[in-house]
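Residue-level structural notes
What follows is the residue order along each chain.
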Amino acid sequence: MAEREALRRGVLALAARLAEAALDTEPDVVEHVPGSAPVAGLDLPRVVAVTNLQTQGAFKDVFVYGRSFRSSLPTFVDPGDLDDGAVVSGQFGHPGLKNPTYLHQNNPVVEALRARHGRDLMLAGVVLAPEPTDQAGKELISAHVARLCVTAGVHAAVLTKEGGGNADADVALKMDALEDVGITAVGLFGEMAGIDGTAPPIVVPPERATAMISTGNYDAPLRLPAVARALGGARFALLDVAATEALDVPTAVVYCSLSPLGWGHLTCREAA
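The structure contained in this document is the topic of the report that follows.

Some points on the sheet that holds strand β5 (residues 87-89)
One open sheet holds the three strands; their spatial order is β3-β2-β5, and the pairing between them is antiparallel. The outermost strands of the open sheet, each flanked by one partner alone, are β3 (67-68) and β5.

Listed below in structure tokens is the structure:
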């Protein structure tokens with residue numbers, strides 16, 4: 001417990017120091033974020049983002065308002081709460097399938113729904129849900145999400161996950177539970193389909209819901225060219241080779257490469 005707490009406090013302290021460096025700097029861009037209040041006079045479908053947070057043990061945990069979300073029930077929050085940093089990542093697994101704090105603050109699904117708010121839909125809010133490790137827990141949380149959405153008068157939901165095959169069940173069960181109460185459900189999945197893409201891509205698929213979007217194949221091979229300089233360490237531990245060498249790796253090892261939140265392009269560039 002002490003080791004985990006020290007690690008997380010250290011990372012948060014570093015993040016705070018980095019943020020403080022920008023306090024007195026003129027921003028490159030100023031973004032005006034619209035609210036999610038209903039637009040009077042418009043009869044549009046109410047849509048929510050259902051965001052599953054990986055809560056599967058000591059080093060796979062996420063914090064909401066400063067507390068572990070592991071034993072919580074699904075919670076409705078305003079999209080603005082995400083902007084304010086209500087969700088903080090505290091998990092250290094699956095580089096390609098994790099959702100860091102930055103992506104929770106800049107949730108791509110929420111941003112896409114915001115852009116359409118008042119035009120062809122109403123962004124009705126965000127449902128945060130834990131990802132239990134046992135079947136009974138997954139079924140309870142899924143049923144509770146469906147109840148919350150019915151109570152809020154929701155017509156459709158976009159669901160995202162965090163983590164590997166275990167988390168497929170969390171999305172699939174929620175999609176079926178929502179469809180059962182008449183709410184259209186769309187799920188985003190990072191696949192684990194084998195090197196050639198012919199293996200079963202989802203560990204637990206939905207049985208009744210049918211709208212699914214792939215964010216990529218976890219096992220797809222990548223060839224990373226040699227580089228003159230590597231940051232973060234001299235050796236690449238997975239292959240036990242120099243970090244500057246050409247590397248043959250699965251997509252899974254690239255940070256956020258299969259973002260289940262639907263993140264798009266990740267790039268690096270030389271410092272100015």
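Thoughts on the sheet that holds strand β4 (residues 75-77)
The six strands lie next to each other as β4-β6-β1-β7-β8-β9, forming an open sheet whose pairing is mixed. Here the strands that pair on one side only, and so sit at the sheet edges, are β4 and β9 (211-217). Across this sheet, the average inter-strand angle for adjacent strands is 20 degrees, counted without regard to direction. In the sheet, strand β1 (residues 46-54) pairs with strand β6 (residues 122-131) via nine bridges, with the strands oriented parallel. From the neighbouring strand, Val-50 faces β6, where its bridge partner is Val-127.

Considering the pairing of strand β13 (residues 247-250)
Residues Leu-247 and Val-249 point to one face of β13 and are all buried, whereas Asp-248 and Pro-250, pointing to the other face, are not buried. Pairing of strand β10 (residues 221-224) with β13 involves four bridges; the strand directions are antiparallel. Counterpart to Pro-221 in the pairing with β13 is Pro-250.

Comments concerning the pattern of salt bridges
This structure, assessed with the given rule, holds 10 salt bridges. For Lys-138, the salt bridge is made with Asp-170, and the minimal N-O distance between the two is 2.8 Å. Taken as a pair, Lys-138 in helix α5 (residues 135-151) and Asp-170 in helix α6 (residues 165-180) lie far apart in primary sequence, 32 residues in all. Residue Asp-170 is classed as buried on the basis of its relative accessible area, which comes to 0%. Here Asp-180 and Arg-208 are joined by a salt bridge, their closest N and O atoms 2.8 Å apart. Of the two residues, Asp-180 is situated in helix α6 and Arg-208 in the loop between β8 (184-191) and β9; the sequence distance between them amounts to 28 residues. By relative accessible area, Arg-208 is classed as partly exposed at 45%. Several salt bridges converge on common partners, so that one network encompasses Asp-180, Glu-207 and Arg-208.

Each value, and the rule that gives it
- Residues numbered from 1 in each chain as written.
- Predicted model: local features only at pLDDT ≥ 70, side-chain atom pairs only at ≥ 80, totals over all residues.
- Heavy atoms only, no water.
- Pairing = 2+ DSSP bridges.
- Helix = DSSP H or I, 4+ residues; strand = E, 2+ residues; numbered from the N terminus.
- Axes fitted to C-alpha atoms, helices over the stretch in contact; angles between N-to-C directions.
- Buried < 20%, exposed > 50% of the residue type's maximum accessible area, 1.4 Å probe, protein only.
- Salt bridge = Lys/Arg side-chain N within 4 Å of Asp/Glu carboxyl O.

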